[in-house]
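Close look at the chain arrangement
Spelled out from the first residue to the last, the chains are:
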Amino acid sequence: MKKIYFLFSLSLLHFNYSKAQYCNPPSSSIELNYNNVNALVHNGGDMFWDLLGNPRYEVPKGSGINPLFAAGLWLGGLDSNDSLHLAAIRYRSNGNDFFPGPLNNSGTVDSNTCYLFNRIFAVTQNEIISHLAGDSTSPSILEWPAKGNPNISLPNQDLAPFIDVNGDGLYNPDHGDYPKIKGERALWWVFNDAGNLHSETGGEAIGVEVQVMAYAYSTNDALDNTTLFDYKVINKGESLHEFYLGQFVDPDLGNPIDDFIGCDTVQGIGIAYNGDSYDEDNSGALGYGSNPPVMGISAINTPRINNQNYSLSHFIYYNSGVSVIGSPNLPNEYYGYMKGQWKDGTHLKYGGTGHTSGSWSQVNTNYMFPGEPNNTNSWNECT
């Protein structure tokens, strides 16, 4: 079976090596299951599988069918000496580049802070409404990890967002403050790449802190089948250029052996779809049957640089294995995929496999399989 992954990236500019503090790997997980999706997320940059080999992004909720197996955040850029700094995650079996907790202003973190933040904080709008009405204040609101919360041990820095009712800059639910969230149920966590050595990629640390809010809406439209993730990326190391933020995705659309991938460059969406009109069950994986759905992942509300939107700067895939279009192993190979380059340094070409040795042309492109699947005259995985 040929396993295909895809990666889409957006490029940013001006985003140190921070001495590893030897924190333990992240180990917290929680379900985001407010709407028609039951998604398992972890607090270390990866999500959607149970760490044992089973997918956990169920749509429709309760069906046992999953369109996704795993996803993970990739970050990388060059310092003033053009040395690469990189952090990425695919599967925990390959190691960890991310660790729990925020960084201090020096771009470091101690093991106690990692321990305190080895968790995911969850709250609902209903809990907030009850708190504001004076009916009850849930533990989720009392322990919200916002600056100055007297109920838990926290570093004195900006962390989870909150509504500051009295304007003193500190979070205190006894004074009427409450979490500022999106969606009807939200999760919040924070991780960094400086807590220990990068055992996934072998890359040199960036000194980056990532705050995440995951949320969902229960609706009667497409949002009911959607989960959303806000990433606040804070660089506490030296400035980097040619900086990329990428999303690694391993789609398993029901039956995983007949999946195809592609992208919509106009809307900035990476997609996975079934290679034929019927998605059958396979080896314990439940298929979607007739008229299988399309899964899409998009970066929305991304930064604008020089009036250009970087929601989808590149889209590329790689196969399992050790070939030049196979799994990355070295830091420059992870970084190269985010820039649309194969492991041998050649750029993605238009047509065929996308590699220079199997392409229809030698024209460089940044987008793999951008054609509509039903258009036999375009470049897509069907053709």
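What comes next concerns the included structure. (Residues numbered from 1 in each chain as written. Predicted model: local features only at pLDDT ≥ 70, side-chain atom pairs only at ≥ 80, totals over all residues. Heavy atoms only, no water.)

1. A closer look at the packing of aromatic side chains
Tallied over the entire structure, the rule returns 21 aromatic pairs. Each ring, one from Phe48 and one from Phe229, has its centre 6.0 Å from the other, and the planes form 65°; the classification is edge-to-face. Separated by 181 residues along the polypeptide, Phe48 in the loop between β4 (46-47) and β5 (57-58) and Phe229 in strand β14 (residues 228-235) bring together distant segments of the chain. Here Phe48 and Phe229 have matching classes, each one buried. (Phe/Tyr/Trp six-rings, centres within 6.5 Å; stacked < 30°, edge-to-face > 60°. Helix = DSSP H or I, 4+ residues; strand = E, 2+ residues; numbered from the N terminus. Buried < 20%, exposed > 50% of the residue type's maximum accessible area, 1.4 Å probe, protein only.)

2. Here we look at the state of the cysteines
All told, the structure shown has 1 disulfide when counted by the stated rule. Through a disulfide, Cys23 is tied to Cys114; the S-S separation comes to 2.0 Å. When the S-S torsion is 70°, as for the bridge of Cys23 with Cys114, the disulfide is right-handed. Separated by 91 residues along the polypeptide, Cys23 in the loop between β1 (4-12) and β2 (29-32) and Cys114 in helix α1 (residues 111-116) bring together distant segments of the chain. Each of the two residues, Cys23 as well as Cys114, counts as buried. (Disulfide = S-S within 2.5 Å.)

3. Side note on the pattern of salt bridges
Enumeration over the complete set of coordinates arrives at 6 salt bridges. Between Arg56 and Glu31 there is a salt bridge; the shortest N-O distance is 2.4 Å. Of this pair, Arg56 sits in the loop between β4 and β5 while Glu31 sits in strand β2, and the two are 25 residues apart along the sequence. (Salt bridge = Lys/Arg side-chain N within 4 Å of Asp/Glu carboxyl O.)

Geometric descriptors of this kind do not, in isolation, establish any biological role.
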